[in-house]
Amino acid sequence: GRRNKNMNTIKQGTNQFFIGKSEEQPLAKITFIPKEDTLVVNHTFVSEQLRGQGIAKKLVEEVLRYAKQENKKIVPECSYVDVFKRRYPEHRNLFV
């Protein structure tokens, strides 16, 4: 129902996007380090209860949107983001 959709709202934290009540206890998150004109994406985490819902992909898309908005390129240090980059070539221009 509606409550569920709400539960998976992606929020912006400090150098991260996350799902959950707080950035200290996220159900899922993606973290990055702003470095000059890039965002070094270094970690993607999705808890057991949210696995298999395409959450990691949504988190990466959120960072891509943010990078575009901030005029930054993404450095994929996290293996999932690297896989994403290869799997969705239409986003390639947003990566270093």
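Please read all numbers here as calculations on a predicted model, not as lab measurements. (Residues numbered from 1 in each chain as written. Predicted model: local features only at pLDDT ≥ 70, side-chain atom pairs only at ≥ 80, totals over all residues. Heavy atoms only, no water.)

The next subject is the overall build of the chain. What the chain contains, in helices and strands, is three helices and five strands. Of the regular secondary structure in the chain, the N- to C-terminal order runs α-β-β-β-β-α-β-α. Over its C-alpha trace the chain gives a radius of gyration of 13 Å, about what one expects of a compact globule, namely 12 Å for 96 residues. Reported as C-alpha extents along the three principal axes, the dimensions of the chain are approximately 40 × 25 × 20 Å. (Helix = DSSP H or I, 4+ residues; strand = E, 2+ residues; numbered from the N terminus. Rg over C-alpha atoms; globule rule 2.2 N^0.38 Å.)

Our focus in this paragraph is the sheet that holds strand β4 (residues 38–46). Sheet strands associate in pairs through backbone hydrogen bonding, adopting either a parallel or an antiparallel arrangement. A sheet is described by the order of its strands in space; here five strands give the open sequence β1-β2-β3-β4-β5, paired in mixed fashion. A strand with exactly one partner marks an edge of an open sheet, and here the two such strands are β1 (11–13) and β5 (73–76). Looking at each pair of strands side by side, their axes are set apart by 30° on average, direction ignored. Here β4 pairs with β5 via four bridges, running parallel. Counterpart to Val40 in the pairing with β5 is Val75. Taken strand by strand, helix α3 (residues 79–87) contacts β3 (28–35), β4 and β5, and its axis lies near 120° from that of β5. (Pairing = 2+ DSSP bridges. Axes fitted to C-alpha atoms, helices over the stretch in contact; angles between N-to-C directions. Contact = heavy atoms within 4.5 Å.)

Turning our eyes to something else, we now look at the environment of Gln53. Secondary-structure assignment places Gln53 in the loop between β4 and α2 (55–70). According to the relative accessible area criterion, Gln53 is partly exposed, its value standing at 38%. With near-sequence residues (within four places) excluded, Gln53 lies in contact with Asn8 and Lys58. A polar contact is formed between the side chain of Gln53 and the side chain of Asn8, at a distance of 3.2 Å. A polar side-chain atom of Gln53 sits 3.4 Å from the main-chain carbonyl oxygen of Gln49. (Buried < 20%, exposed > 50% of the residue type's maximum accessible area, 1.4 Å probe, protein only. Polar contact = N/O pair within 3.5 Å; in protein donor to acceptor, adjacent residues only side chain to side chain.)

Evaluation of the coordinates by the stated rule reveals four salt bridges. Linking Arg51 and Glu48 is a salt bridge whose minimum nitrogen-to-oxygen distance equals 2.8 Å. Notably, a salt bridge pairs Asp82 with Arg86, separated by 3.0 Å at the nearest N-O pair. Taken together, the residues span about one helical turn, with Asp82 and Arg86 both in helix α3 at a distance of four residues. When its relative accessible area of 55% is taken as the criterion, Arg86 is described as exposed. (Salt bridge = Lys/Arg side-chain N within 4 Å of Asp/Glu carboxyl O.)

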